[in-house]
Structure formats: structure tokens, C-alpha cells
Amino acid sequence: AAASSTAAEEAATALEALLALRGCTGGGAAASKPRRSGALDAAEQRQRSFSRRYSRSFALAADEAPVEVVYEDEWLLALNKPADVSSVPRHRFEGSSMVNRAVHYLGGRSPYVVHRLDHGTSGLLLFGKTRPAAASLAAQFRERTLSKAYLATLLATHPLPDSFVVDAPIAGHPQDRLRSYVPADAAEAEALRAQEALTRFRVLERADRAALCEASPVSGRMHQIRLHAEHSGCPIAGDTQYGAGAQPHPPCARLLLHAHTLRVRHPASDEPLRLVAPLPADYREGLERFGLSGAAQPLGV
């Protein structure tokens, strides 16, 4: 009974971290909502407190689907997430996410969520295995002391320079809460409470219809790389949400965006740790369609 209680408490703690991520503005989370009246805030806090206490009696579901481990020690677990798998479940009664796969891999223990990837994005997904490790990683993401590099295949709707920067604020879309949006001007940015966002792109390989690029987001807004690619005029291949009109026919089988490299400070030793998630086969098949090899690797991280 004690072991079951401990597992339930760990699961609840992991879920609370997940819910906190869903309420924040970085790392792929939705934009923050305007604050409501104090009375409503108090009522909502009571409801959330009750929900959290109730949820402690339920363990997160374990998904037996296999995982590709990039790195593991007693503090960290890094997995190579496939495309079209959610990073986290929508609620604790639902499975089929990377969190649920990690629960099974860890023998029923719940990992600590410190960041997430979009559903269609593949690549490096890092979890903490202890509370102190998770706190250290979360601080590095929040304070931007780590570095990330993605492989993004941009459609060559116009010639791309060897490197370029997209510096454009990002807000929640005014009509669609599932989308992000670059405001048209400073007034709209202020009205929508847009947040600064910057992404650096570097072309690694070119073909007639597309270019394989290293994309390094300095900030971590929801859908940032995808939206900034579209804002540059060259959306990511396979992105039907940002740049649907530019996609080839027939469409790509998946979004050609992969979280390739992550450099962090190890939470126990404080030594630099460079993690790399190899390109999956379905991404390489997408590259072949455009005559790209994928041989070049990101150098900036």
C-alpha cells in the first residue's frame, strides 16, 4: 500500500508539472490568458486544488509502445520521439503519449516533464527522473541557458540566404486557440500581448524545391519555428497548419521538423551535456523526395 501511495504521489507531481507547462507561454505551450476577477480566481484555485487531491489516487497510464533511448542515467531520461505522437497526455486518464511510454519504460515511475515537442515534430525529448533534476532542467529552459538545434526542411518558395534570422513577436491567434500568430504591427502586438521571439536559420543543404536548415530558437513560443518559417515566406514541408497553400502534391507524409540536438548542464555535475537524436527513417524518406541527403549536421549546438 505504501509503494502504491508513493507511485500515485509521484504521478500526481508529474501531472502537476504537466499542467503547469500547459499554462505557461514557453516551450510550445499556449499563450497566457488575461487574469479574471479575484473572486473567480479564488474559486478556480479551490477547484484546481480539489482536482489535484482527487487525482492523486490515479496512476498515469503505462503505454507498452517501444522507446528509443538517447541517453539515461539516474537523473535524466532522453528519448527520440517519433512524429505524430503527443509529448504529454491531455489528462491523466489518457495514454498514447511519450509520458505514458516513459512510465512503462521506467517500470511504473512517472517522469518529470520539463519541456515538450509539437505532435508532428520528432526528436529529442528530455525528462527529469528526480525532482531536483527536473527543477534544474526547468530553470535552464526558463532562463535560456541551454541551446537547441532542429532540422527543418523549408520549401524553397524563394531563394534563401545561407543564414538568416526571424525576429518577430508571437501571440496566440485571435480566432484559433490552437494556432500562434505574428501580429501585423506593434499596436496589434500590444493588444494581443505578443511575446518576443527569435529564431536563427542556417542552410545546410539545398535542392531545387527545398532546403534542409538548422533552426535554433532563442525563445520557446508555441509553434515558433514553424510560424517563423512561414513568416519568412518558406514554410516547413509537411506543415498543413502554417503554410498549407505552399505544400507539394501529394503532400508530405509527415512534418519535416526534428529536434536534433540539445546542450544542457547536467543537473548533478553541472558539466555540459550534448544530446543528439538521430534522424528517423520517415524523415529521411521525406528528404529523398526533395533530392536532399540529410548528410549535413547542425553545427551551432
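Residues numbered from 1 in each chain as written. Predicted model: local features only at pLDDT ≥ 70, side-chain atom pairs only at ≥ 80, totals over all residues. Heavy atoms only, no water.

**Here we look at the overall build of the chain**
Here's step 1: Within the chain, the secondary structure is distributed over seven helices and twelve strands.
Here's step 2: Looking at the 301 residues of the chain, the share that counts as buried comes to 46%.
Here's step 3: Across the chain, the fraction of contacts at a sequence separation of at least 24, relative to all contacts at a separation of at least 6, is 69%.
Here's step 4: Surface summary for the chain: the accessible area is close to 14600 Å², and the carbon and sulfur share equals 52%. (Helix = DSSP H or I, 4+ residues; strand = E, 2+ residues; numbered from the N terminus. Buried < 20%, exposed > 50% of the residue type's maximum accessible area, 1.4 Å probe, protein only. Contact = heavy atoms within 4.5 Å. Areas by Shrake-Rupley, 256 points an atom, 1.4 Å probe, with all protein chains shown as cover.)

**Considerations on the nonpolar core**
Here's step 1: Counting 38 residues, the largest nonpolar core has Phe 127, Leu 154, Leu 160, Phe 201 and Ile 236 as its most contacted members.
Here's step 2: Of the residues forming this core, the biggest block, four residues, is contributed by helix H3 (residues 98-105).
Here's step 3: The contact partners of Phe 127, leaving out residues within four places of it in the chain, are Trp 75, Leu 76, Leu 77, Leu 79, Met 98, Val 99, Ala 102, Pro 111, Tyr 112, Val 113 and Leu 137. (Core = buried A, V, L, I, M, F, W, Y, C linked by side-chain atoms within 4.5 Å.)

**Considerations on the pattern of salt bridges**
Here's step 1: In the structure shown here, the tally under the stated rule is nine salt bridges.
Here's step 2: Among the salt bridges present, the one from Asp 118 reaches Arg 226, with a minimum N-O distance of 3.1 Å. One end of the pair, Asp 118, is in the loop between strand E3 (112-113) and strand E4 (122-128); the other, Arg 226, is in helix H6 (residues 224-231), and 108 residues separate them in sequence.
Here's step 3: The class for Asp 118 is buried, based on a relative accessible area of 16%.
Here's step 4: Judged by its relative accessible area of 8%, Arg 226 is buried.
Here's step 5: It is possible to trace a salt-bridge network through shared partners that takes in Asp 118, Arg 226 and Asp 239. (Salt bridge = Lys/Arg side-chain N within 4 Å of Asp/Glu carboxyl O.)

**What about the environment of Glu 230?**
Here's step 1: Assignment of secondary structure puts Glu 230 in helix H6.
Here's step 2: A relative accessible area of 30% means that Glu 230 is categorised as partly exposed.
Here's step 3: With 16 residues separating them along the chain, Glu 230 and Ala 246 place their C-alpha atoms 9.6 Å apart.
Here's step 4: When neighbours within four sequence positions are excluded, Glu 230 is seen to be in contact with Pro 235, Tyr 242 and Gly 243.

**A word on helix H4 (residues 131-143)**
Here's step 1: Its 13 residues give H4 an end-to-end C-alpha distance of 18 Å, which sits within 8% of 18 Å, the value for a rise of 1.5 Å per residue.
Here's step 2: Among all positions of H4, only Ala 133, Ala 134, Leu 137, Ala 139, Gln 140 and Phe 141 are buried.
Here's step 3: Against strand E2 (76-81), E3, E4, strand E5 (147-155) and strand E11 (257-265) lie the buried residues of H4.
Here's step 4: One side-chain oxygen at the N-terminal end of H4 lies 3.2 Å from the backbone nitrogen of Ala 133; it belongs to Thr 130.
Here's step 5: Of the residues one or two after H4, Arg 144 is the one with positive phi, at around 60°. (Expected span 1.5 Å × (residues − 1). Polar contact = N/O pair within 3.5 Å; in protein donor to acceptor, adjacent residues only side chain to side chain.)

**Observations concerning H3**
Residues three or four positions apart in an α-helix share a direction because the helix packs 3.6 residues into each turn.
Here's step 1: Judged by how many residues are buried, H3 sits mostly within the fold: six of eight residues are covered.
Here's step 2: Listing the buried residues of H3 in full gives Met 98, Val 99, Asn 100, Arg 101, Ala 102 and Val 103.
Here's step 3: Capping the start of H3 is the job of one residue whose side-chain oxygen sits 3.3 Å from the backbone nitrogen of Val 99: Ser 97.
Here's step 4: Backbone geometry just after H3 places Gly 107 at a positive phi near 70°.

**What to know about the packing of aromatic side chains**
Here's step 1: Under the defined criterion, the tally for this structure stands at one aromatic pair.
Here's step 2: Residues Phe 164 and Phe 201 carry aromatic rings whose centres are separated by 4.9 Å and whose planes lie at 10° to one another, so their mutual orientation is stacked. Of this pair, Phe 164 sits in strand E6 (residues 163-167) while Phe 201 is found in strand E9 (residues 198-206), placing the two residues 37 residues apart along the sequence. Summarising the burial analysis for this pair, Phe 164 and Phe 201 share the class buried.
Here's step 3: The residue whose ring lies beneath Arg 289 is Phe 290, and the NZ or CZ to ring-centre distance is 5.9 Å. (Phe/Tyr/Trp six-rings, centres within 6.5 Å; stacked < 30°, edge-to-face > 60°. Lys NZ or Arg CZ within 6 Å of the ring centre and 35° of its normal.)

**Thoughts on the environment of Ser 180**
Here's step 1: Within the secondary structure layout, Ser 180 lies in strand E8 (residues 180-181).
Here's step 2: Spatially, the C-alpha atoms of Ser 180 and Tyr 242 are 9.3 Å apart, while their sequence positions differ by 62 residues.
Here's step 3: What Ser 180 contacts, discounting residues up to four positions off in sequence, is Ile 170, Ala 171, His 173, Met 222, His 223, Leu 227 and Tyr 242.
Here's step 4: In this structure the side chain of Ser 180 is engaged in a polar contact, spanning 2.7 Å, whose partner is the backbone oxygen of Met 222.

**Topic: the pairing of E11**
Here's step 1: With seven of its nine residues buried, E11 lies for the most part within the structure.
Here's step 2: With six bridges joining them, E5 and E11 adopt antiparallel strand pairing. Residue pairing in the sheet places Ala 149 in a bridge with Thr 261 of E11.
Here's step 3: The sheet contact formed by E11 and strand E12 (residues 272-276) spans five bridges and is antiparallel. Each bridged residue has a counterpart across the sheet, and for Thr 261 the counterpart in E12 is Val 276. (Pairing = 2+ DSSP bridges.)

**A closer look at the side chain of Asp 63**
Here's step 1: Structurally, Asp 63 can be placed in the loop between helix H2 (38-55) and strand E1 (69-72).
Here's step 2: Arg 101 is the oppositely charged side chain nearest to the buried, salt-bridge-free Asp 63, at an N-O distance of 4.4 Å.
Here's step 3: A polar atom in the side chain of Asp 63 sits 3.4 Å from the backbone nitrogen of Ser 96.
Here's step 4: Excluding residues within four positions of it along the chain, Asp 63 makes contact with Ser 96, Ser 97, Asn 100, Arg 101 and His 104. (Lys, Arg positive; Asp, Glu negative; His and termini not counted.)

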